[in-house]
Amino acid sequence: MRVKMEARKVMLLLLLCSYFLLAAISAAPQTCPADVSSGCSDETSGEWEGEFFPGISKIKYEGPSSKKILSYKWYNAEEEILGKKMKDWFRFSVAFWHTFRGSGADPFGSQTKFWPWEDGTNSLAMAKRRMRANFEFVKKLGVDYWCFHDRDIAPDGKTLEESNANLDEVVALAKELQGKKIRPLWGTAQLFLHPRYMHGAATSSELAVYAYAAAQVKKAIEVTHYLGGENYVFWGGREGYQSLLNTDMKRELDHLGRFFQGAVAYKKKIGFNGTFLIEPKPQEPTKHQYDWDAATSIAFLQKYGLLEEFKLNIECNHATLSGHSCHHELETARINGVLGNVDANTGDPQIGWDTDQFLTDIGEATMVMLSVVRNGGIAPGGFNFDAKLRRESTDVEDLFIAHISGMDTMARGLRNVAKLIEDGSLGELVRKRYQSFDTEIGAEIEAGKVDFETLEKKVLEWGEPKVPSAKQELAEMIFQSAL
């Protein structure tokens, strides 16, 4: 009898466990394949239900010894290095256009990427579906920022009013999805794709196009502000020329200066406190772009009285296209007080165009972080992955792999800089190289208190200078030892 009672208790316990397990399963969000034919869309609204990336959980830090592909080996968001958490040094951002609008097409070939949630249209419903995919991706990657062009996230309409209405509808959804933690690192207006911008936007020879560009930028600033964006970027892809024979360069540059002044005035009018950024690039698609490199952009800002209103968004691939290293461009921006953001990518030295590859070179990442650390960080800017999968990479998983690799590479760069600072040898080498200026006369020269006559007397007193070695090879050895 006692055995039967015990058996009944066990059976009752099993039934109760089964009941609560089934209840939990039914209450939990249902995983659904990210496929337009899977029946995951609500039949009335067309909105997506379920997961876009089923089978992929939130990416976690597992350390350098981990063999798990979808894990961070070097990027540990909460780890403190040189007085800041890693996440605060980097402020990583996902670029909507490359991640969710990149098709794999190039000048010689058509689309190769057919993401399972795409239905082949650029409809408003499809734009909303992409936005849902974007935020699932951002959250699973564990980053707090995303970047966008207006026309990437919402379809262009037949009129400005229709385009703005489309944008408002998608932005309302983005506001809901991003919650309180996620926000745009920056927004911008796409002023290069539409045929109206064939001669440029702010530098177009047509007044009506200039006005249209101003209206589009006005709206893009508004939505960036509404979404809590921390910066706004101007990339002048067609602000330049193909030939000087039919170009009034002075007039175009003056128009560009007035355009930026107008943008600053409107930003202040609506109370947008985000930083305005110019993204230098030398050419492509134009033969010559007016914001060729960091130095050119700084000179432009000085001429038009905008240096206090703008900083620079340095893209590594653009740096190499202009004949500089990324480190050079970052240092040029830094020492002039205008380093505002980094577009973390790279190009291929064997290919002469803007390939927008994920930066995976640890040496380059270390040099990038040298500038960022010397700058004390770049907040409210950050590191935006203006980078795309290779044409031949077509698995959804590849989106995660590429970003993980890019984030880990930058994290290794930061860790290497910490090693260099702790070791101190490189800093001491540089200090010794300029130690002759640490004298009394050197300090007076740097303060602008010594004239040429005084210097001539010093030369007559000292005789021929003894010039020491620059120790470049030693500097390179010390740098490489940190890698």
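The model shown is predicted, which means the values in this text are computed figures rather than measured ones.

## Describing empty space enclosed by the protein
The method is simple in principle: a probe with the dimensions of a water molecule rolls over the atoms, and the space it marks as empty is what remains.
Item 1. Within the structure shown, the criterion is met by two cavities of 30 Å³ or more.
Item 2. Around the largest cavity, the lining comprises 24 residues; the ones closest to its centre are Phe234, Trp235, Gly236, Glu239 and Phe260.
Item 3. Elements with a contribution of two residues or more to the lining of the largest cavity: β6 (231-234), α8 (249-270) and α9 (294-303).
Item 4. Per-element tally for the lining of the largest cavity: the top contributor is α8, with four residues.
Item 5. Residues belonging to the lining of the largest cavity are distributed by class as follows: 16 nonpolar, six polar and two charged.
Item 6. Volume-wise, the second largest cavity comes out at about 50 Å³.
Item 7. His98, Thr99, Lys113, Trp115, Phe358, Ala387, Lys388, Leu389, Leu399, Ala402 and His403 are the residues that line the second largest cavity.
Item 8. Every element with two or more residues in the lining of the second largest cavity is listed here: α3 (96-101) and α13 (396-423).
Item 9. When its residues are assigned to classes, the lining of the second largest cavity shows six nonpolar, three polar and two charged.

## So, the nonpolar core
Item 1. In this structure, Phe53, Trp117, Met131, Leu141, Trp146, Ile153 and Phe383 are the most contacted members of the largest nonpolar core, which totals 111 residues.
Item 2. Composition of this core by domain shows at least three residues from each of domain 1 (77-423) and domain 2 (425-482).
Item 3. By size, the runner-up hydrophobic cluster in this structure holds eight residues, among which are Ala95, Cys147, Leu185 and Trp186.

## Regarding the layout of surface pockets
Item 1. Considered as a void within the structure, the largest pocket measures approximately 1,500 Å³ in volume.
Item 2. Lining the largest pocket are 48 residues; nearest its centre among them are His98, Ala105, Phe192, Asp356 and Lys388.
Item 3. For the lining of the largest pocket, the secondary structure elements donating two or more residues are α3, α5 (150-153) and β5 (183-188).
Item 4. Ranked by residue count, the leading element in the lining of the largest pocket is α3, at three residues.
Item 5. Here the residues of the lining of the largest pocket sort into 15 nonpolar, 13 polar and 20 charged.
Item 6. Of the voids in this model, the second largest pocket is the one considered here, and its volume is about 770 Å³.
Item 7. Taken together, 25 residues make up the lining of the second largest pocket; nearest its centre are Arg433, Ser436, Phe437, Lys466 and Pro468.
Item 8. For the lining of the second largest pocket, the secondary-structure elements that each account for two or more residues are α14 (425-433), α15 (440-446) and α16 (452-462).

## What about unusual backbone geometry?
Item 1. Cis geometry is adopted by the peptide bond preceding proline 285, which originates at glutamate 284 and carries an omega value of 15°.
Item 2. Considering the arrangement of structural elements, one finds proline 285 in the loop between β8 (275-278) and β9 (288-289).
Item 3. The linkage connecting alanine 379 with the following residue, proline 380, adopts the cis geometry, with an omega of 10°.
Item 4. Following the sequence through the fold, proline 380 ends up in the loop between α12 (362-374) and β12 (383-385).
Item 5. Phi is positive for arginine 91, which is not a glycine, with a value near 50°.
Item 6. The phi torsion at aspartate 356 lies on the positive side, around 50°, for a residue other than glycine.
Item 7. Within the secondary structure, aspartate 356 is located in the loop between β11 (339-343) and α12.

Basis of the calculations
Residues numbered from 1 in each chain as written. Predicted model: local features only at pLDDT ≥ 70, side-chain atom pairs only at ≥ 80, totals over all residues. Heavy atoms only, no water. 1 Å grid on protein atoms, 1.4 Å probe; cavity = no way out; pocket = protein on both sides within 12 Å on 5 of 7 lines; lining within 4 Å. Points joined across faces, edges and corners; volume = space filled by probe spheres on them. Helix = DSSP H or I, 4+ residues; strand = E, 2+ residues; numbered from the N terminus. Nonpolar A, V, L, I, M, F, W, Y, C, P; charged D, E, K, R; others polar. Core = buried A, V, L, I, M, F, W, Y, C linked by side-chain atoms within 4.5 Å. Buried < 20%, exposed > 50% of the residue type's maximum accessible area, 1.4 Å probe, protein only. Domains from an automatic or database assignment.

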